[in-house]
Amino acid sequence: MIYRNARHSDEGQWSLEHNPEAGVIARDFLSGELDLLKFVSPASAPARDLGAFLDSARDLPLSVYHSAAGELLITIDPWSETLLLTGRTADVLSAYINNRIVRMEDRFDMTVRQAVRAS
């Protein structure tokens with residue numbers, strides 16, 4: 001799941017992703033997710049939140065942090081906006097960032113779950 005400006009993102013330990021391209025990869029991934037959400041449910045809260053985050057980040061760098069639990073925190077420097085990614089969504093984006101193979105089943109499962117929850 002994707003949560004915008006989640007309060008509990010302030011809790012816990014976050015480590016900066018080592019891949020210098022992590023922010024660019026995250027932006028591309030999130031843009032693709034927004035396109036899918038708009039296709040499935042354009043007026044949903046997740047589509048509005050993700051769109052607002054990406055609009056805020058238009059010309060600003062993104063930083064990506066990870067937790068020991070596997071969650072990802074994406075921030076607009078200087079931390080004016082955040083997205084917290086959990087579960088399969090965090091797993092898939094993490095795989096892209098770390099240049100691991102992403103199976104179509106994982107990607108499909110993530111997208112289907114988001115579409116069902118957005119409805």
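K.L.:
Explain the nonpolar core residue by residue, including any values.
P.N.:
Judged by nonpolar contacts, the single largest core of 25 residues is most densely connected at Leu30, Leu50, Phe53, Ile74, Leu83, Leu85 and Leu93. Sorting elements by how many residues they give to this core places helix α1 (residues 22-40) first, with 6 residues. Among all residues touching Leu30, those that are not within four sequence positions of it are Ile2, Leu50, Phe53, Leu54, Ile74, Leu83 and Leu85. By size, the runner-up hydrophobic cluster in this structure holds 5 residues, among which are Ala6, Tyr65, Leu73 and Leu84.

K.L.:
How would you explain the sheet that holds strand β4 (residues 72-76) if you had to name every residue and give the values?
P.N.:
Strand order in this open sheet of 5 strands is β1-β5-β4-β3-β2, and the pairing throughout is antiparallel. Two strands lie at the open edges of the sheet, namely β1 (2-4) and β2 (15-16), each paired on one side alone. Of the pairings in the sheet, the one linking β1 to strand β5 (residues 81-85) comprises 3 bridges and is antiparallel in character. Bridge pairing in β5 links Ile2 to Leu85. Here helix α2 (residues 45-56) sits on the sheet in contact with β1, β3 (62-66), β4 and β5, set at roughly 135° to β5. Its contacts with the sheet place helix α3 (residues 87-97) against β1, β3, β4 and β5, and it is angled at close to 70° to β4.

K.L.:
Can you tell me about the packing of α1 against α3, naming the residues and giving the values?
P.N.:
Their axes nearest at 9 Å, the elements α1 and α3 cross at an angle of 130°. In terms of orientation, α1 and α3 fall into the oblique class. Relative to α3, α1 is oriented so that their crossing is right-handed. Facing Ala22, Ile25, Ala26 and Phe29 of α1, the residues of α3 in contact are Thr89, Val92, Leu93, Tyr96 and Ile97. Grouping the constituent residues of the contact of α1 with α3 by class yields 8 nonpolar, 1 polar and no charged.

K.L.:
Tell me about α1, residues and numbers included.
P.N.:
Across its 19 residues, α1 extends 27 Å between first and last C-alpha, which sits within 8% of the 27 Å expected from 1.5 Å per residue. All of the buried residues in α1 are Ala22, Gly23, Ala26, Phe29, Leu30, Glu33, Leu34 and Leu37. Along the axis of α1, the buried residues cluster in a sector spanning 145°; they form a single face. Along α1, exposed side chains directed more than 90 degrees from the buried face belong to Asp28, Asp35 and Phe39.

What counts, and where the lines are drawn
Residues numbered from 1 in each chain as written. Predicted model: local features only at pLDDT ≥ 70, side-chain atom pairs only at ≥ 80, totals over all residues. Heavy atoms only, no water. Core = buried A, V, L, I, M, F, W, Y, C linked by side-chain atoms within 4.5 Å. Buried < 20%, exposed > 50% of the residue type's maximum accessible area, 1.4 Å probe, protein only. Helix = DSSP H or I, 4+ residues; strand = E, 2+ residues; numbered from the N terminus. Contact = heavy atoms within 4.5 Å. Pairing = 2+ DSSP bridges. Axes fitted to C-alpha atoms, helices over the stretch in contact; angles between N-to-C directions. Parallel < 35°, antiparallel > 145°, perpendicular 65-115°, else oblique. Left-handed = near helix turned anticlockwise from the far one by under 90°. Nonpolar A, V, L, I, M, F, W, Y, C, P; charged D, E, K, R; others polar. Expected span 1.5 Å × (residues − 1). Arc of directions from axis to C-beta.

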